[in-house]
Amino acid sequence: MVAIARRRAADDVALLEPLLIAAETRAYELLGLGSIQEYGARLFGWGGRQTRERLRVASAMRSLPEMRERWARGELTYTVVRELSRVATPAEENEWIAWATTGGVRRTGHEVQQVVMRHRRGARPTDAPAPFEEQRVRVVLEMSGSEASRLAEVRSVAAQRLGHSVDDETLAKMLFDAFLRGSEAGERESSPHQVKLTVCDRCGATERESGAEGLVPVDPVVGEVALCDAQVLRAGERAAQTVPPATRRAVLRRDEGKCAVPGCRHAAFVDVHHIDRQVEGGGHELANLASLCSVHHDAAHRGRLVVRRHEGDLRFERADGQPYGAIGGAADTARCASASQHFEAVVAGTGSERFAREALRPAAGDDPVKSPDPTAGLAPRSQCGEGARRDELAPRSQRGEGARRDELAPRSHAAEAALREEVAGLLTSMGYRTREAEWLLDRALAGDELSVGRAPSKVELLRAALRAGPPRVEARKGGSRRRR
Ligand SMILES: [Zn+2]
Ligand SMILES: [Zn+2]
């Protein structure tokens, strides 16, 4: 038992830096996960509070090397270190360690907590207790589940406002200040943060109004997320909510008022996401909509989280097609990173997220897409001129007919060459070398996955080429074209 305890303490210490790095680099986002808390919950079974505390302790240990060392040797436990790090600064570090380990006695976390609570930060263990106002006091709240989830919602709103996770004291302070300051200030604060974005209908180029600099370009994914569930303002028209309010309520009710991603508890800033984007012909049917928190919404448009319809239900996958919530090692994360870069490259090349989802889908099994390829009339983003407007696109019915006619056309050499060139371009934008792309296309066109007697569609050919492997590319450093 003693040996195991020592090993566990060493493991706890070994975890400190990787945990901080995971939080700082947000590597968990590559797996589609919404937060470091969710990562901690799935990997270690920690509650949100424990993950927050582990992170606080990890950053405290950077300036308390002796405590860290004694912990690594198994002389201190996690709970003791967690409490000591609330009071100890480098100046009193050794005194607190000596106090906690006097005469070889192993104090419990609770014992240490009782003493630590009565001291302010930077005090010595021998100091007289701090006045009550400066002591730490544990307050336990008991309430119904519905109020508890509202409390969690308030915490997540506070975290979004501050840009970092919020501890109990900060949360309480914000609530008390807002309450005591009166309704006037409270109302002003609670109005949602609004940013006016200008998004090109045709290519998705997005600009934000910035006081000093005029229009500045923003990440196109930000524009897509905004367009997906936004009040769209057009010159000369009244503001119209994209999703009718009744539909919005129905979606939120179906998804239990929170983000629909399994395991995600975010109930604040929930957007209504269109699985097939409106610009690609997706409508406001319940089956095409999903409630997503802002983090998962962003992940969905980056291809880090894939939302699919499956037997009348929603299915969530990581970029590489594994079920959402699966966590493997570094190679696993790299595969997700590579897959989402492929997604962004294909979206940049075709202008269609649905096309990218279909082409990169690793295995059959989800509901077939009934409508014809809606991307026939969409220009690649890079070719879009500034003046492009939605009405330059052919009406949807015509595009549909054109696409259907394409699919029924017999294989012709000229058409096949053009298609081949286009798919080769997509493959190279995904990081394949020209030679590899040609090799994959040769294999795909010679293989039996494509049906004989009719020209394959673009999505079929790209899928077949990607399955013709083995040339694999790892994630490129520079990111995809779309990000530049
Ligand atoms: Zn969306
Ligand atoms: Zn979420």
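Basis of the calculations
Within each chain, residue numbers correspond to sequence positions counted from 1 in written order. Ligands are numbered from 1 and chains lettered from A, in the order in which they are written. A pLDDT threshold of at least 70 governs which residues receive local features in this predicted model, and a stricter bar of 80 or more applies before side-chain atom pairs are shown or counted, although totals over entire chains, interfaces and linings include all residues. The side-chain numbers reported here are obtained from all heavy atoms of the structure, hydrogens and water having been left aside. The pairing test for Phe, Tyr and Trp rings, Trp by its six-membered ring, is centres within 6.5 Å, and the orientation test on the planes gives stacked under 30 degrees, edge-to-face over 60, and tilted for anything in between. Remark: exposure states derive from per-residue accessible area (1.4 Å probe, protein chains only) relative to the maximum for the residue type, with buried under 20%, exposed over 50%, and partly exposed in between. For helices the rule is a DSSP run of H or I covering at least 4 residues; for strands it is a run of E covering at least 2, with both sets numbered from the N terminus onward. None of His or the chain ends enter the tally, which takes Lys and Arg as positive and Asp and Glu as negative. The working definition used for a salt bridge is a side-chain nitrogen of Lys or Arg within 4 Å of a carboxyl oxygen of Asp or Glu. Contacts described as polar in this section are N or O atom pairs within 3.5 Å, which, within protein, must combine one atom able to donate a hydrogen with one able to accept it, while residues neighboring in sequence count only if both atoms come from side chains. What makes two residues a contact is simply this: any of their non-hydrogen atoms within 4.5 Å. Donors, by definition, are the N, O and S atoms found within 2.8 Å of a metal, the threshold being 3.2 Å for Na, K and Ca, and water is not counted, so a site can look incomplete. In this scheme the shape depends on donor count and angles: four donors with every angle between 85 and 135 degrees give tetrahedral, four or six donors with opposite pairs above 155 degrees and others between 65 and 115 give square planar or octahedral in turn, and any other case is irregular. Being paired, for any two strands, means DSSP has found at least two bridges between them. For helices, the fitted axis covers only the stretch in contact; all axes are lines through C-alpha atoms, and the angles between them, taken along N-to-C directions, range from 0 to 180 degrees. Oblique is the label for every angle not falling under 35 degrees (roughly parallel), over 145 degrees (roughly antiparallel), or within 65 to 115 degrees (roughly perpendicular). In the scheme used here, Gly and all other residues not listed as nonpolar or charged are polar, with Ala, Val, Leu, Ile, Met, Phe, Trp, Tyr, Cys and Pro taken as nonpolar and Asp, Glu, Lys and Arg as charged. Residues form patches when they are more than 30% accessible in relative terms and have no salt bridge. Like charges link within 9 Å. Nonpolar side chains (Val, Leu, Ile, Met, Phe, Trp, Tyr) link within 5 Å. Working definition of accessibility: Shrake-Rupley area with a 1.4 Å probe, residue cover restricted to the visible protein chains.

Draft legend 1. Quick look at the packing of aromatic side chains. Following the criterion strictly, the structure yields 4 aromatic pairs and no others. Judged by centre distance (4.5 Å) and plane angle (25°), the ring pair of Phe44 and Trp46 falls under stacked. Residue class for Phe44 comes out partly exposed when judged on its relative accessible area of 37%. Under the relative-accessibility criterion, Trp46 is labelled buried at 8%. Pairing Trp96 with Trp99 gives two aromatic rings, centres 5.5 Å apart and planes at 85°, and the pair type is edge-to-face. A residue pair is termed a helical-turn pair when its members lie 3 or 4 positions apart in one helix, as Trp96 and Trp99 do in helix α6 (residues 93-100) at 3 residues.

Draft legend 2. Local environment of the side chain of Asp271. With respect to the helices and strands, the residue Asp271 is situated in strand β6 (residues 270-274). There is no salt bridge for the buried Asp271, and the closest opposite charge comes from Arg248, which lies 6.3 Å off by N-O distance. Of the polar contacts made by the side chain of Asp271, one reaches the side chain of His297; its length is 2.8 Å. Sequence-distant contacts of Asp271, defined by excluding residues within four places in its chain, comprise Val225, Asp229, Ala290, Ser291, Leu292 and His297.

Draft legend 3. Region of interest: the coordination of the zinc ion (ligand 1). For the zinc ion (ligand 1), the full set of protein donor atoms is Cys228 (SG), His273 (ND1), His297 (NE2) and His301 (NE2), and the range of their distances to it is 2.0 to 2.2 Å. Note that the zinc ion (ligand 1) binds 4 donor atoms; their angles at the metal cover 104 to 117°, and the shape is tetrahedral. The sequence pattern describing where the donors of the zinc ion (ligand 1) fall on their chain is C-x44-H-x23-H-x3-H. Here Cys228 is found in helix α11 (residues 220-228), whereas its partner His301 is found in helix α13 (residues 294-301), with 73 residues between them in sequence. In terms of burial, Cys228 and His301 fall into one category: buried.

Draft legend 4. Here's a closer look at the pairing of strand β8 (residues 305-310). Summarising burial for β8: 5 of the 6 residues are buried, a large majority. As defined by bridge partners, β8 adjoins strand β9 (residues 313-318) across 6 bridges and the pair is classed as antiparallel. Across the sheet, Arg308 pairs through a bridge with Arg315, a residue of β9. Taken together, β8 and the strand that follows it, β9, pair antiparallel across an intervening segment of 2 residues, in which Glu311 is found at a positive phi of about 50°.

Draft legend 5. Region of interest: the packing of helix α1 (residues 2-25) against helix α4 (residues 65-72). In contact at an axis separation of 7 Å, α1 and α4 are set at 140° when each is read in the N-to-C sense. The angle between α1 and α4 places the two elements in the oblique class. The segment α1 lies against α4, with Arg6, Ala9, Ala10, Asp12, Val13, Leu16 and Glu17 engaging Arg68, Trp71 and Ala72. Class assignment for the residues of the contact of α1 with α4 results in 6 nonpolar, no polar and 4 charged.

Draft legend 6. Spotlight on a nonpolar patch on the surface. A surface patch of nonpolar side chains, amounting to about 540 Å² of accessible area, comprises Phe132, Val137, Val139, Leu141 and Met143. Counting through the fold element by element, Phe132 comes out in the loop between α7 (109-116) and α8 (145-162). Owing to a relative accessible area of 58%, Phe132 belongs among the exposed residues under this scheme.

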